[in-house]
Structure formats: structure tokens, C-alpha cells
Amino acid sequence: MLMLEAREQFSTVRHDLGLYRCVQNIARYSINHSTNDLLTTLETALAKVILRHPPLCCGIINENKDDPAFVRLESIDVSKCINYRNLDSSTLEEHEQSLIEIIEHQHRQLWPDIHCQPLWKLIVIQSKALPSERTVF
């Protein structure tokens, strides 16, 4: 268990009060693999990243108390950390609007079960509006 410094306690308190929701990064990737291979490829890559970066293995206990602390999670089910979405958008404009809606939705959510779940997730979005011979997500 690692005690939080003042700045981490400040962020944790803001989350507990509903003021600090999330930070998001968005990227567009394309790969030569089929859509069927995407799940396996991403889960394998994500597991390797988690093993190389210990902060991705942390949760927080006692969030709403005087002594919040980071804890190393005993295990992480990578499949529960990835959310796959297929957008029905047919134009690039519809695709971009759907992305905005997903981003807005995520900013309205608090992190559930932070004592036993990692403090991150991966949302993989595919759309017919992104035509390519490669798998685009």
C-alpha cells in the first residue's frame, strides 16, 4: 500500500465529490489484421503494457476517508477493461458526432469500484464511416 501525497489526495477527494471524472486520449489506428483478430491483438498488447507500467495496476482504497492510498491490484481482467463499440454512422460527420457523444458520456461517469478495479479503461470504436482495406479503430 502506498500513501497518497497531498496532490493525489486532492484529486481523490475531487473524484469522491464528483468533480474529477477522467482524462481522455483519442487516437485513430489501422492494422492489417482482420476485425476478428483485433480483440486478441489488443488484449495481448494491453497485457504487455500493464506489466511494464506498474501504475496501471493500481486502485485506490479509503477514497472518502482521511487516509486514501494506492493499492496494487491482485489481478486485472483485461477483457473487462476494454469496451468495444461499433458505430452505425455512415458518414464521417456522423462518426465524429458519435465520438463526441461517447467522450461526453465518459466525462459524466465516476469510476466505479476503484478499490478493486484499475483507474483506466480502453474504449475501442469501429465505424463503417472509416472506409479502408485495413481494420480502422
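Bear in mind the structure is a predicted one, so any value in this text is a computation, not a measurement.

Enquirer: An account of the layout of surface pockets is needed here, citing residue identities and associated values.
Expert: Any empty space left between the atoms is revealed when a probe the size of a water molecule rolls over them. Within this model, the second largest pocket holds a volume of roughly 150 Å³. By residue class, the composition of the lining of the second largest pocket is 5 nonpolar, 1 polar and 3 charged.

Enquirer: Please provide a residue-by-residue account of the environment of S127, values included.
Expert: With respect to the element layout, S127 can be found in strand β6 (residues 122–127). Considering only alpha carbons, one finds S127 and T91, 36 residues apart in sequence, at a separation of 9.2 Å. With sequence-adjacent residues up to four places away left out, S127 is seen in contact with L87, S89 and H95.

Enquirer: I'd like a rundown of the environment of Q109, residues and numbers included.
Expert: Within the secondary structure, Q109 is located in the loop between α4 (92–108) and β6. The exposure class of Q109 is partly exposed, given its relative accessible area of 31%. Between the alpha carbons of Q109 and R21 there is a distance of 6.4 Å; along the sequence they are 88 residues apart. In terms of polar contacts, Q109 uses its side chain to reach the backbone carbonyl oxygen of H105, at 3.3 Å.

Enquirer: Which residues make up the pattern of salt bridges, and what values go with them?
Expert: Within the structure shown, the criterion is met by 1 salt bridge. Two residues, R28 and E96, come together in a salt bridge whose shortest N-O distance is 3.0 Å. In this pair, R28 is assigned in the loop between α1 (6–16) and β2 (30–31) and E96 in helix α4, connecting sequence segments 68 residues apart. The class of E96 is partly exposed, set by a relative accessible area of 33%.

Enquirer: How would you sum up the pairing of strand β5 (residues 82–87)? Please name residues and give values.
Expert: Looking along a regular strand, one sees the side chains alternate between the two faces of the sheet. Where β5 meets β6, 6 bridges bridge the pair, whose relative direction is parallel. Bridging across to β6, Y84 finds its partner in V124. On the question of chirality, the crossover connecting β5 to the parallel β6 by way of α4 is right-handed.

Enquirer: Explain the packing of aromatic side chains residue by residue, including any values.
Expert: In the structure shown here, the tally under the stated rule is 1 aromatic pair. Relative to F137, the ring of Y29 lies with its centre 5.8 Å away and its plane at 25°, an arrangement referred to as stacked. With a gap of 108 residues between them, Y29 in the loop between α1 and β2 and F137 in the segment after β7 (135–136) connect regions that are remote in the sequence. On the basis of relative accessible area, F137 is assigned to the buried category, the value being 15%. Over the ring of W111 we find K121, and its NZ or CZ is 5.5 Å from the ring centre.

Cut-offs and rules
- Residues numbered from 1 in each chain as written.
- Predicted model: local features only at pLDDT ≥ 70, side-chain atom pairs only at ≥ 80, totals over all residues.
- Heavy atoms only, no water.
- 1 Å grid on protein atoms, 1.4 Å probe; cavity = no way out; pocket = protein on both sides within 12 Å on 5 of 7 lines; lining within 4 Å.
- Points joined across faces, edges and corners; volume = space filled by probe spheres on them.
- Nonpolar A, V, L, I, M, F, W, Y, C, P; charged D, E, K, R; others polar.
- Helix = DSSP H or I, 4+ residues; strand = E, 2+ residues; numbered from the N terminus.
- Contact = heavy atoms within 4.5 Å.
- Buried < 20%, exposed > 50% of the residue type's maximum accessible area, 1.4 Å probe, protein only.
- Polar contact = N/O pair within 3.5 Å; in protein donor to acceptor, adjacent residues only side chain to side chain.
- Salt bridge = Lys/Arg side-chain N within 4 Å of Asp/Glu carboxyl O.
- Pairing = 2+ DSSP bridges.
- Right-handed = clockwise from strand over helix to strand, strands pointing away.
- Phe/Tyr/Trp six-rings, centres within 6.5 Å; stacked < 30°, edge-to-face > 60°.
- Lys NZ or Arg CZ within 6 Å of the ring centre and 35° of its normal.

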